[in-house]
Amino acid sequence: MLRGGTRRERRTYAGTGHAGEDPLDAAQERRVRAVLALGGVPQTDLPDGVQQVRLRLLERAASGREAPRDVSAWAAVVASNLAMDWHRAKRRQERLGERLASLREPAHPSGEETSLLSLAVARGLDELPDAQRQVLVLRFFADLPVRAIAEELGVPEGTVKSRLHTAVRALRDRLHEDEVV
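These numbers were taken from a predicted model, which means no experiment stands behind them.

A.B. asks: Got a sec to walk through the overall build of the chain? Specific residues and values, please.
C.D. replies: Counting its regular elements, the chain contains eight helices and zero strands. Each helix and strand of the chain, ordered N terminal to C terminal, gives the series α-α-α-α-α-α-α-α. For the chain, the proportion of contacts with a sequence separation of at least 24, taken over those separated by at least 6, is 61%. Surface summary for the chain: the accessible area is close to 12,300 Å², and the carbon and sulfur share equals 52%.

A.B. asks: Give me the nonpolar core: which residues, what numbers.
C.D. replies: Counting residues in hydrophobic clusters, the biggest one holds 15 residues, and the most contacted among them are Leu24, Val32, Leu36, Val53 and Ala75. For this core, the elements supplying multiple residues, two or more each, are α2 (26-38), α3 (46-62) and α4 (71-104). At seven residues, the largest contribution of residues to this core is made by α4. Each residue touching Val32, except ones within four places of it in the same chain, is listed here: Leu24, Val50, Val53, Ala75 and Ala79. Listed in part, the 14 residues of the second largest apolar core include Ala120, Val135, Ile149 and Leu164.

A.B. asks: Mind laying out the packing of α2 against α3, listing which residues take part and the relevant values?
C.D. replies: Running from N to C, α2 and α3 point in directions that differ by 125°, and their axes come no closer than 9 Å. As judged from the angle between their axes, α2 and α3 are oblique. Of the two possible hands of crossing, α2 and α3 adopt the one that is right-handed. On the side of α2, the interface is formed by Glu29, Val32, Arg33, Leu36 and Ala37, while α3 contributes Leu46, Pro47, Gly49, Val50, Val53 and Arg54. When grouped by side-chain class, the residues that make up the contact of α2 with α3 number seven nonpolar, one polar and three charged.

A.B. asks: An account of the packing of helix α6 (residues 130-141) against helix α7 (residues 146-153) is needed here, citing residue identities and associated values.
C.D. replies: Contact geometry of α6 with α7 gives a least axis separation of 10 Å together with a crossing angle of 135°. For the element pair α6 / α7, the angle class is oblique. By crossing handedness, the relation of α6 to α7 is classed as right-handed. Residues Gln134, Val135, Leu138 and Arg139 of α6 touch α7, and the partners they reach there are Val146, Ile149 and Leu153. Here the residues of the contact of α6 with α7 sort into five nonpolar, one polar and one charged.

Definitions and limits used
Residues numbered from 1 in each chain as written. Predicted model: local features only at pLDDT ≥ 70, side-chain atom pairs only at ≥ 80, totals over all residues. Heavy atoms only, no water. Helix = DSSP H or I, 4+ residues; strand = E, 2+ residues; numbered from the N terminus. Contact = heavy atoms within 4.5 Å. Areas by Shrake-Rupley, 256 points an atom, 1.4 Å probe, with all protein chains shown as cover. Core = buried A, V, L, I, M, F, W, Y, C linked by side-chain atoms within 4.5 Å. Buried < 20%, exposed > 50% of the residue type's maximum accessible area, 1.4 Å probe, protein only. Axes fitted to C-alpha atoms, helices over the stretch in contact; angles between N-to-C directions. Parallel < 35°, antiparallel > 145°, perpendicular 65-115°, else oblique. Left-handed = near helix turned anticlockwise from the far one by under 90°. Nonpolar A, V, L, I, M, F, W, Y, C, P; charged D, E, K, R; others polar.

Right, here's the structure in full:
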């Protein structure tokens, strides 16, 4: 592909170096579309994804870096990364929607809902490893700051934060599985 030729020829991403030329040839564009589609990007967003790959290729050229050895492979990897980014953005949007929906729920759940939630949290806590349960209880029930927990347990603050993160995620997953939250 772009392996041979002079340095100037290698820097011309589409091969001829004419200004305004599309940096992706038709076969590369089809490959990018296929990678995006197989990565779960909806049909309506495929043109935007292809444009993003073109833009990144042009930005690379504008920065003075050499063209990738295999533009087609490089474009496929970029397309794959874009598909992953699309899914992350979609999940963030869904979580934001869930948070907004929860704000519309009644501020004071009924006694039955509170009892159900308390029971589910207690069960979830029982299923956590001892170290995770300990930091979760100290942080959220005893209301101790991370620094104080770390000092009391004799572990680094980063360890406390890591255990908290893992414990909260596990508890949240449990409550979603039980459809309590």
